[in-house]
Amino acid sequence: MSKVEEFEELRPLLFSIAYRILGSVGEAEDAVQETWLRFDGSATRATSTKAFLSATVTRIAIDVLRSARVRREEYVGPWFPEPLLADPYEDPARSAELADSVSMAALLLLERLSPPERSVFVLREVFGFGFDDVASAVGRSEAACRQLLVRARRHMQAGRPRFEADRQEQQELATRFLDALREGDVVGLRDLLAADVSMAGDGGGKTPQLAKAVVGAENVARLLASVFPLMARIDVTFEPHDVNGQPGAIFRVRDGKVLHILALEVLDGQIQTIRAVINPDKLGHLGPVADAWAVDREVKQARRRMN
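Residues numbered from 1 in each chain as written. Predicted model: local features only at pLDDT ≥ 70, side-chain atom pairs only at ≥ 80, totals over all residues. Heavy atoms only, no water.

S.K.: Please explain the nonpolar core as it appears in this structure.
M.R.: Side chains of a nonpolar character, in soluble globular proteins, are inclined to be buried together. If you look at the biggest cluster of nonpolar residues, it comprises 48 residues, and the most contacted ones within it are Ile17, Tyr19 and Phe127. Elements represented by at least two residues in this core include exactly α1 (3-22), α2 (25-41), α3 (49-73), α5 (104-110), α6 (115-126), α7 (131-138) and α8 (142-159). The leading source of residues in this core is α1, at ten residues. For Phe127, the residues in contact, after removing those within four places along its chain, are Leu13, Ser16, Ile17, Arg20, Tyr89, Arg94, Leu98 and Val122. (Core = buried A, V, L, I, M, F, W, Y, C linked by side-chain atoms within 4.5 Å. Buried < 20%, exposed > 50% of the residue type's maximum accessible area, 1.4 Å probe, protein only. Helix = DSSP H or I, 4+ residues; strand = E, 2+ residues; numbered from the N terminus. Contact = heavy atoms within 4.5 Å.)

Given below as structure tokens:
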């Protein structure tokens, strides 16, 4: 195989590693491209191309993450990962780990880890790399990597929910939720929400967004039922779509541009968390992005006409 063919065969894996470390589609794509440049410029062939490229993309991602963490500390409002509609890498032997590790909830837990802990966890726990390859990728000894993994697992397990929902249950609940949302059905929405449900939006200060998270089934249901029927009046539509491996929806304005992404977290038969990604910088990889400020003005006008 040529270098190009070898690289293209491994590109889905490299992107998936980088995305889980960075939580950003754009930064992950840049890391993969930089990996290609280094691979193409290398005069020697590695014993294992997979190990070499995986280590390279990991090191690049760690460097990017260290600078990104400073920006995220200054971020306006809640920070959510860039939505991923489909993971390009598939491995039937590790399908459960792959699906779980790309969820919004898992990526936000990974944010609590140091860059080395996060990288070791992703390489070893998610993708099943041997400790020799993990150690090479993060520049630590195998013993140190084992300790990093122990700490990472402890943090991840402490933040995980006690109850998991099966895939069919998630989809059925999401369908009922979106139907109630479309109808503006307060009671229907409230019945699907956990008592302590939380809803928050990531606008990054660049779009209209909630001042703080809305908590409680009654509060969330009333807010949703008051806003989305108004959005429908100005021709905002939504289509169900998996977001980071979980049920969600893509919202679009009348010309098809993306307005925002809604991601649902389902636990123990109820919707526990609703996350909206509204920041236009995080939606560009999905296509043309709508002007959320203009939509907000139209919604307010529609409300005034109703009153």
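Here the narrative resumes, following the displayed structure.
S.K.: Help me understand the sheet that holds strand β3 (residues 237-240), please; the structure alone is not making it clear to me.
M.R.: In any sheet, the strands associate via hydrogen bonds between backbone groups, in a parallel or an antiparallel arrangement. As summarised here, the arrangement of the six strands in space is β2-β1-β6-β5-β4-β3, forming an open sheet in which the pairing is mixed. Lying at the two open borders of the sheet, with one neighbouring strand each, are β2 (214-215) and β3. As judged from the six bridges shared by strand β1 (residues 193-202) and strand β6 (residues 270-277), these two strands associate in the parallel manner. Bridge pairing links Leu193 to Ile271 in β6. Relative to strand β5 (residues 258-267), helix α9 (residues 167-183) is tilted by about 130°, and along the sheet it contacts β1, β3, β4 (248-252), β5 and β6. On the sheet, helix α11 (residues 217-233) packs against β1, β2, β4, β5 and β6 and is oriented at approximately 50° with respect to β1. (Pairing = 2+ DSSP bridges. Axes fitted to C-alpha atoms, helices over the stretch in contact; angles between N-to-C directions.)

S.K.: Honestly, the pairing of β1 in this entry has me stumped. Any pointers?
M.R.: One face of the sheet, then the other: side chains in a regular strand alternate in exactly this way. Across the ten residues of β1, seven count as buried, placing the element largely inside the fold. In this sheet, β2 lies alongside β1 in antiparallel orientation, the contact comprising two bridges. Looking at β2, one finds that Met199 is bridged to Val214.

S.K.: Would you explain the packing of α3 against α7 in this entry?
M.R.: A pair of packed helices is captured by two measures, namely the crossing angle of their axes and the spacing between those axes. Between α3 and α7, whose axes approach to 8 Å, the crossing angle comes to 40°. Here α3 lies oblique to α7, going by the angle between them. As α3 runs across α7, the sense of the crossing is right-handed. Taken together, the residues of α7 that come into contact with α3 (itself represented by Ala51, Ala55, Thr58, Arg59 and Ile62) are Asp133, Ser136, Ala137 and Val138. Residues that form the contact of α3 with α7 fall into these classes: five nonpolar, two polar and two charged. (Parallel < 35°, antiparallel > 145°, perpendicular 65-115°, else oblique. Left-handed = near helix turned anticlockwise from the far one by under 90°. Nonpolar A, V, L, I, M, F, W, Y, C, P; charged D, E, K, R; others polar.)

S.K.: Before we go on, may I ask you to explain unusual backbone geometry in this structure?
M.R.: One non-glycine residue, Asp235, lies in the positive phi region at around 70°. Topologically, Asp235 is positioned in the loop between α11 and β3. For Asp235, a relative accessible area of 42% corresponds to the partly exposed category. Positive phi is not limited to glycine here, since Asp268 has a value of about 50°. Inspection of the secondary structure puts Asp268 in the loop between β5 and β6. For Asp268, a relative accessible area of 51% puts it in the exposed group.

S.K.: Which parts of the structure should I look at to understand the pattern of salt bridges?
M.R.: Side-chain pairing between opposite charges can occur once the charged atoms of the two side chains come close. Throughout the structure, instances matching the rule amount to 22 salt bridges. Put simply, Glu34 and Arg38 hold a salt bridge, and the shortest N to O gap is 3.1 Å. Taken as a pair, Glu34 and Arg38 lie in helix α2 at a separation of four residues, close to a single helical turn. With a relative accessible area of 31%, Glu34 lands in the partly exposed category. Residue Lys282 pairs with Asp202 through a salt bridge whose shortest N-O separation is 2.5 Å. Of the two residues, Lys282 is situated in the loop between β6 and α12 (292-306) and Asp202 in strand β1; the sequence distance between them amounts to 80 residues. Accessibility assignment for this pair places Lys282 and Asp202 in one class, buried. Among the charged side chains, a network of salt bridges with common partners joins Glu27, Arg71, Arg72, Glu111 and Arg118. (Salt bridge = Lys/Arg side-chain N within 4 Å of Asp/Glu carboxyl O.)

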